[in-house]
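Residue-level listing of the chains:
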Amino acid sequence: MSEDHCHSEESKHYKLKLCWSFFFLIVAIFLEKFFSEKYKILQVLLFVSAYLSVGYPVIKEAWHKLLQKDFFNEFSLMSIATIGAFIIGEYAEGVAVMLFYSLGEYFQDSAVGKATQSIESLIKTQSNEVTLVQKEGSKQVDPKNVEVGSLISVK
């Protein structure tokens, strides 16, 4: 498989995790709102499933950073905040914070990936000749032979 294909599959898998987390969160909030005590265990299980779906990679990265003695980083702070929300019984808030954080990370990674592809594409379109403009007229030359400050024509 090509690297782009693997990245695409990884991206689809991550989007699916985000969607499932959002779905579980909405169902759990619905149950909490309309069936507060009747389905309490199901609510908690849905909140935990929603949380772990997007929170596990963050907690795992926080743990790795902790082992490297890097205590104050975005991963550990997000983990502490959201686990703290669970401890005080604010399950929906804990899940929502982790979900929105993960969604932000997804958009950031996507933007960086697109920028990288654009730069690579631009580099591939590099010309083998440039039009050098001089007093005597214009001529085609190798870009390596153009000095900084020279006037070139771009079409």
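Everything below is about the structure shown above.
This report concerns the structure included in the present document. (Residues numbered from 1 in each chain as written. Predicted model: local features only at pLDDT ≥ 70, side-chain atom pairs only at ≥ 80, totals over all residues. Heavy atoms only, no water.)

It is worth spelling out the pairing of strand β1 (residues 130-134) at this point. Relative to strand β2 (residues 137-141), β1 is paired through five bridges, and the arrangement is antiparallel. Residue pairing for β2: V130 is matched across the bridge by V141. Hairpin geometry of β1 and β2 is characterised by an intervening segment of two residues between the two adjacent antiparallel strands. (Pairing = 2+ DSSP bridges. Helix = DSSP H or I, 4+ residues; strand = E, 2+ residues; numbered from the N terminus.)

Hydrogen bonds between backbone atoms are what pair the strands of a sheet, whose relative direction is either parallel or antiparallel. In spatial order, the strands read β2-β1-β3; together these three strands make up an open sheet with antiparallel pairing. The sheet terminates laterally at β2 and β3 (151-153), the two strands that pair on one side only. Each strand axis lies, on average, 40° off the axis of its neighbour in the sheet, ignoring direction. As paired strands, β1 and β3 are joined by three bridges and run antiparallel to one another. Across the sheet, residue L132 finds its bridge partner in β3, namely I152. (Axes fitted to C-alpha atoms, helices over the stretch in contact; angles between N-to-C directions.)

Now for the packing of aromatic side chains. In the structure shown here, the tally under the stated rule is 11 aromatic pairs. With a centroid separation of 5.6 Å and 80° between ring planes, the pair formed by F35 and Y39 is classed as edge-to-face. Using a relative accessible area of 35% as the deciding quantity, one classes F35 as partly exposed. (Phe/Tyr/Trp six-rings, centres within 6.5 Å; stacked < 30°, edge-to-face > 60°. Buried < 20%, exposed > 50% of the residue type's maximum accessible area, 1.4 Å probe, protein only.)

Its location among the elements puts H64 in helix α2 (residues 40-67). Using a relative accessible area of 36% as the deciding quantity, one classes H64 as partly exposed. Along the primary structure H64 and L99 are separated by 35 residues, whereas in three dimensions their C-alpha atoms are 21 Å apart.

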